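Chain by chain, the residues run as shown.
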Amino acid sequence: MKNQSVTSNLDWITVLLYFILVVMGWINIFSTSIPVEFTEFDFSDYYGKQLLFIILSIPLIIVVLTIDAKVYEKFSFVFYIVGIVLLLGLFVFGKTVKGQTNWYGFGPFSFQPSEIAKTAVALLLAKYLSDSQVFLKNLNHQLIAFAIIGLPVLLILMQPDAGSAMIFLSLILVLNREGLPEWYLWTGFIAVVLFFTALLIQPMYLLIGIVVIMIFHYLRARRVDRNPLAYLIVFVAATSFVLSVGFVFDNVLEPHQKDRINVLFSDNVDLKNEGYNLNQSMIAIGSGGLIGKGFMEGTQTKGGFVPEQHTDYIFTTVGEEWGFVGSAIVILLFVTLLFRIIYLAEQQKTKFSRVYGYCVATILFTHFFVNITMLIKLFPTIGVPLPFFSYGGSSLWSFTILLFIFLKLDANKVNEW
């Protein structure tokens, strides 16, 4: 079979969605960072730098699409090692910003290696899971998959950067899709629910509720499934976990992490200190109404009331200036992109390409979901950028590489036997 060109097989729907989101992101960054007395275009300002990042993304895309698709699978372990080395290098050469040593500084520009490491982890995870000898029902194979994800998570938590670590952990969803026993996912979900519930109500009441649920489950279960020892083990584990939540919250979490949880669940929050960011973001989004105040007309935006609005809080500009309609359009574009990636992943002829596609969708979804929900008080505030929207070269280029590697793999599927 004669190889066909990349451009003829490229999924242009995904490419179009990508550029629409990037352009919309830049428009909102322009609105947040342009001075009131605008006289001339300034490439040293946030909007100017972001435009340069976007322009430089074009040759980056060309390079990614030019490289043979087999290279991404063949050298996935090399990419992973490079990512780990870059993360390790932060402990020696890293620049500390707001208490986190997760950047390399190059004059006026910075580079965050955890962003590019997401692509490296996705590639190696796809490579490992595509091995015909790997079965995620096997404990040893599970441990190797967990190690691929867990090593960068450990290094990132040491920076410390809980937001980025959480993105890597979301790849457990991909493992679940590829055969990981579902009890892993349910255990993690229940642990998160128990943790936050234990902060809201007295542990004794929570334990009584757990006992009631377990008794009800025991009575509903078939006789052959009634294993008293298993129920006892689950109860002891749940009890130990619930009783340890207070200690972890008071002695393990950093002050800023405790503040973020308190802001989410407590009504007695100082809106001039720890509750300021979230309060201002909700005011900005809520003030936009149905159709918004108009481009560059946001009072919260132009007044500089929302901190870091050009980065993690960029969606507040969308809400204020474009309103509910504009916000809904942006969300619809992201959802369309995610479903398109999943659809393409299902069409792949190789398991490597399919699993990598799932990884891309999972990483983008987690960023999107966490960023949006934290701005409307549905999730603790975590430093997670909105893909293709938030300011930053590391973020934009990393998401671009992540996505276009998959588009290269997808375009190459016509050449697969």
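Rules behind the numbers
- Residues numbered from 1 in each chain as written.
- Predicted model: local features only at pLDDT ≥ 70, side-chain atom pairs only at ≥ 80, totals over all residues.
- Heavy atoms only, no water.
- Helix = DSSP H or I, 4+ residues; strand = E, 2+ residues; numbered from the N terminus.
- Rg over C-alpha atoms; globule rule 2.2 N^0.38 Å.
- Buried < 20%, exposed > 50% of the residue type's maximum accessible area, 1.4 Å probe, protein only.
- Contact = heavy atoms within 4.5 Å.
- Areas by Shrake-Rupley, 256 points an atom, 1.4 Å probe, with all protein chains shown as cover.
- Axes fitted to C-alpha atoms, helices over the stretch in contact; angles between N-to-C directions.
- Left-handed = near helix turned anticlockwise from the far one by under 90°.
- Nonpolar A, V, L, I, M, F, W, Y, C, P; charged D, E, K, R; others polar.
- Pairing = 2+ DSSP bridges.
- Parallel < 35°, antiparallel > 145°, perpendicular 65-115°, else oblique.
- Salt bridge = Lys/Arg side-chain N within 4 Å of Asp/Glu carboxyl O.
- Phe/Tyr/Trp six-rings, centres within 6.5 Å; stacked < 30°, edge-to-face > 60°.
- Expected span 1.5 Å × (residues − 1).
- Arc of directions from axis to C-beta.

Q: Please give an account of the overall build of the protein chain that cites residues and values.
A: Scanning the protein chain from N- to C-terminus turns up 18 helices and 3 strands. Relative to its length of 417 residues, the protein chain is compact, with a C-alpha radius of gyration of 23 Å against a globular reference of 22 Å. Expressed as lengths along the three principal axes of its C-alpha atoms, the size of the protein chain is roughly 75 × 65 × 45 Å. The proportion of buried residues among the 417 residues of the protein chain is 46%. Contacts spanning at least 24 positions in sequence make up 70% of the contacts within the protein chain whose residues lie at least 6 apart. Surface exposure of the protein chain reaches about 21,100 Å², of which carbon and sulfur atoms provide 69%.

Q: An account of the packing of helix H16 (residues 314–346) against helix H18 (residues 393–411) is requested, with residue identities and associated values reported.
A: Running from amino to carboxyl end, H16 crosses H18 at an angle of 35°, the nearest separation of the two axes being 10 Å. Where H16 crosses over H18, the handedness of that crossing is left-handed. On H18, the residues that touch Ile341, Leu344 and Ala345 of H16 are Leu403, Phe406, Leu407 and Asp410. Grouping the constituent residues of the contact of H16 with H18 by class yields 6 nonpolar, no polar and 1 charged.

Q: How would you sum up the pairing of strand S2 (residues 100–106)? Please name residues and give values.
A: Sheet topology note: the strand S1 (residues 95–97)/S2 ladder contains 3 bridges and is antiparallel. Counterpart to Lys95 in the pairing with S2 is Trp103. Counting the residues that bridge the hairpin from S1 to S2 gives 2 residues, and of these Lys98 lies at a positive phi of roughly 55°. Two elements, S2 and strand S3 (residues 109–111), share 3 bridges in a ladder whose sense is antiparallel.

Q: Lay out the packing of helix H10 (residues 182–200) against helix H12 (residues 228–251) in plain terms, naming residues and giving numbers.
A: At a minimum axis distance of 9 Å, the contact between H10 and H12 shows a crossing angle of 65°. For the element pair H10 / H12, the angle class is roughly perpendicular. Crossing of H10 over H12 shows right-handed handedness. Facing Ala191, Leu194, Phe195, Ala198 and Leu199 of H10, the residues of H12 in contact are Phe241, Val242, Val245, Val248 and Phe249.

Q: Explain the sheet that holds S1 residue by residue, including any values.
A: As summarised here, the arrangement of the 3 strands in space is S1-S2-S3, forming an open sheet in which the pairing is antiparallel. A single partner strand is all that each edge strand has here, and the edge strands are S1 and S3. Here the average twist between neighbouring strands, direction ignored, is 55°. Sitting on the sheet, helix H5 (residues 76–93) touches S1, S2 and S3, and the angle it makes with S2 is about 90°.

Q: Can you break down the pattern of salt bridges residue by residue, with the values?
A: For side chains bearing opposite charge, pairing can occur when the charged atoms are close. Scanning all chains against the criterion turns up 8 salt bridges. Across the salt bridge formed by Asp11 and Arg340, the nearest N and O atoms sit 2.4 Å from each other. Here Asp11, found in the loop between helix H1 (6–9) and helix H2 (12–33), pairs with Arg340, found in helix H16; they are 329 residues apart in sequence, far enough to count as distant. Asp410 is paired through a salt bridge with Lys413; the nearest N and O atoms lie 2.9 Å apart. Asp410 gets classed as buried once you look at its relative accessible area, which sits at 2%. A single network of salt bridges, built from pairs that share partners, joins Glu178, Lys351 and Arg354.

Q: Describe in detail the packing of aromatic side chains, supporting the description with residues and values.
A: Think of a pair of aromatic rings as described by two things: how far the centres are apart, and how the planes are tilted against each other in angle. As enumerated under the stated definition, the model contains 24 aromatic pairs in all. Residues Phe365 and Phe369 carry aromatic rings whose centres are separated by 5.6 Å and whose planes lie at 25° to one another, so their mutual orientation is stacked. Here Phe365 pairs with Phe369, and both are found in helix H17 (residues 351–375), just 4 residues apart, close to one helical turn. A connected cluster of aromatic rings, assembled from ring pairs, spans Trp26, Phe30, Phe41, Phe43, Tyr47, Phe295 and Trp322.

Q: Give me H10: which residues, what numbers.
A: Helix length check: H10, at 19 residues, gives a terminal C-alpha distance of 28 Å against a target of 27 Å (1.5 Å per residue), a fit within 8%. Of all the positions in H10, only Leu194, Phe195 and Ala198 are classed as buried. Around the axis of H10, the buried residues are gathered within 105° of arc, so they sit on the same side. The exposed residues of H10 that point more than 90 degrees off its buried face are Glu182, Trp186, Phe189 and Leu200. Looking at the buried side of H10, the elements it contacts are helix H11 (203–220), H12 and helix H13 (255–265).

Q: For unusual backbone geometry, give the residues involved together with the corresponding values.
A: Backbone phi values are negative for most residues with the exception of glycine, while trans is the configuration of most peptide bonds. In this structure, the amide linkage connecting Gln159 to the following residue, Pro160, adopts the cis form with an omega of -10°. The residue Phe388 is not glycine, and still its phi comes out positive at about 70°. As for its position among the elements, Phe388 is in the loop between H17 and H18.

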